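Read off the chains here:
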Amino acid sequence: NIKMIIPELFSENIVRGRGLLVRGVMKAQMAAPNFTHVYAAMIAVINTKMPEIGELCLKRVVMQFRKAYRRNDKLVCIACTKFIAHLFNQGVAHELLVLQLLHLLLEKPTDDSVEVAVDFLKECGLALKEASAKGMHVIMERFRTILHEGEIDKRVQYMIEGLFAVRKNNFADYPQ
């Protein structure tokens, strides 16, 4: 499907319409989060020829995440982090962005922020482990600390335990 879409996109003037393209991809991703990996792959292919489009997409997704985080909009935060995770898996985003985002979410842990961080790390954990093993270790230690403190909801504690099980299986259910 992407093989047919990409040549058609490059035949259009996407340099001039890059904002519209990015907005359309972001809206489509929000409407159908299950296809996030497809949208991220499409942006990654476009990013190889025109890096400014990948950068614009990443900046806008990060801005959308920041707004949603300030508003405590968990659904939009989860959708944004999923898109960022897949952009990282595709090589559009850098590992420092992922680590900074996880640090932000786990700095002052709440039930919602930990849940978003768990979902985010499940999506990009394998790539993060390959890119920055030490960073991954620090993040997992932070999760372990949060789990031992016991100040979060039982449901979220079970999510963290599930994350440790996924990590033990080397993220087999969550390929890059």
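As a reminder, the structure under discussion sits directly above these lines.
Here is what the cut-offs are and how they apply
- Residues numbered from 1 in each chain as written.
- Predicted model: local features only at pLDDT ≥ 70, side-chain atom pairs only at ≥ 80, totals over all residues.
- Heavy atoms only, no water.
- Helix = DSSP H or I, 4+ residues; strand = E, 2+ residues; numbered from the N terminus.
- Rg over C-alpha atoms; globule rule 2.2 N^0.38 Å.
- Phe/Tyr/Trp six-rings, centres within 6.5 Å; stacked < 30°, edge-to-face > 60°.
- Buried < 20%, exposed > 50% of the residue type's maximum accessible area, 1.4 Å probe, protein only.
- Salt bridge = Lys/Arg side-chain N within 4 Å of Asp/Glu carboxyl O.
- Core = buried A, V, L, I, M, F, W, Y, C linked by side-chain atoms within 4.5 Å.
- Lys, Arg positive; Asp, Glu negative; His and termini not counted.
- Contact = heavy atoms within 4.5 Å.

Visitor: I tried to follow the overall build of the protein chain on my own but got confused; where do I start?
Guide: Along its length, the protein chain carries nine helices and zero strands. Reading the helices (α) and strands (β) of the protein chain from amino to carboxyl end gives α-α-α-α-α-α-α-α-α. Computed over its C-alpha atoms, the radius of gyration of the protein chain comes to 17 Å, within 12% of the 16 Å expected for a compact globule of 176 residues. Structurally, the protein chain occupies a C-alpha span of about 55 × 35 × 25 Å along its principal axes.

Visitor: Looking at this structure, I do not really get the packing of aromatic side chains. What am I missing?
Guide: Working definition: an aromatic ring pair is given by the centre-to-centre distance plus the angle between the planes. Across all of its chains, the model carries one aromatic pair by this definition. Between the aromatic rings of Phe-65 and Tyr-69, the centroid separation amounts to 5.8 Å while the plane-to-plane angle is 25°, which identifies the pairing as stacked. A residue pair is termed a helical-turn pair when its members lie 3 or 4 positions apart in one helix, as Phe-65 and Tyr-69 do in helix α4 (residues 51-71) at four residues. Residue classification places Tyr-69 among the partly exposed residues on the basis of a relative accessible area of 29%.

Visitor: Where do I start with the pattern of salt bridges in this structure?
Guide: Should their charged atoms come close, side chains of opposite charge can pair. Per the counting criterion, the structure on display carries six salt bridges. Note that Glu-55 and Lys-59 form a salt bridge whose closest N and O atoms lie 3.3 Å from each other. Of this pair, Glu-55 and Lys-59 both sit in helix α4, four residues apart, which is roughly one turn of the helix. In this structure Glu-55 comes out as partly exposed when scored by relative accessible area, which is 45%. Residue Lys-74 is joined to Glu-115 by a salt bridge in which the shortest nitrogen-to-oxygen separation is 3.0 Å. In this pair, Lys-74 is assigned in helix α5 (residues 74-89) and Glu-115 in helix α7 (residues 111-131), connecting sequence segments 41 residues apart. Classification of Lys-74 by relative accessible area gives partly exposed; the value is 26%. Its relative accessible area of 9% is what places Glu-115 among the buried residues. A cluster of three or more residues bridged by salt bridges with shared partners is formed by Lys-74, Asp-112, Glu-115 and Arg-155.

Visitor: I'm lost on unusual backbone geometry in this one. Help?
Guide: Only a minority of non-glycine residues have a phi that is not negative, and only a minority of peptide bonds are not trans. Non-glycine residue Asn-170 carries a positive phi angle of around 60°. Looking at Asn-170, the relative accessible area reads 39%, which means it is partly exposed. Of note, Phe-171 is a non-glycine position whose phi angle comes to about 55°, a positive value. Overall, the relative accessible area of 1% leaves Phe-171 in the buried class.

Visitor: Please explain the nonpolar core as it appears in this structure.
Guide: Counting 61 residues, the largest nonpolar core has Phe-83, Leu-87, Val-114, Leu-121, Phe-143 and Ile-160 as the members making the most contacts within it. For this core, the element with the most residues is α7, which contributes 10 residues.

Visitor: Explain the side chain of Lys-122 here, please?
Guide: The topology assignment puts Lys-122 in helix α7. Put simply, Lys-122 is tucked away with no salt bridge, and the nearest opposite charge, on Asp-119, sits 5.0 Å away. Excluding anything up to four places from it in sequence, Lys-122 contacts Leu-163, Val-166, Phe-171 and Tyr-174.

Visitor: Explain the environment of Arg-142 to me, please; I cannot follow it from the model alone.
Guide: Mapped onto the secondary structure, Arg-142 falls in helix α8 (residues 133-149). The partly exposed category is assigned to Arg-142, whose relative accessible area is 25%. Along the sequence, Arg-142 and Leu-105 sit 37 residues apart, while their C-alpha atoms lie 11 Å from each other.

Geometry only, nothing functional implied.
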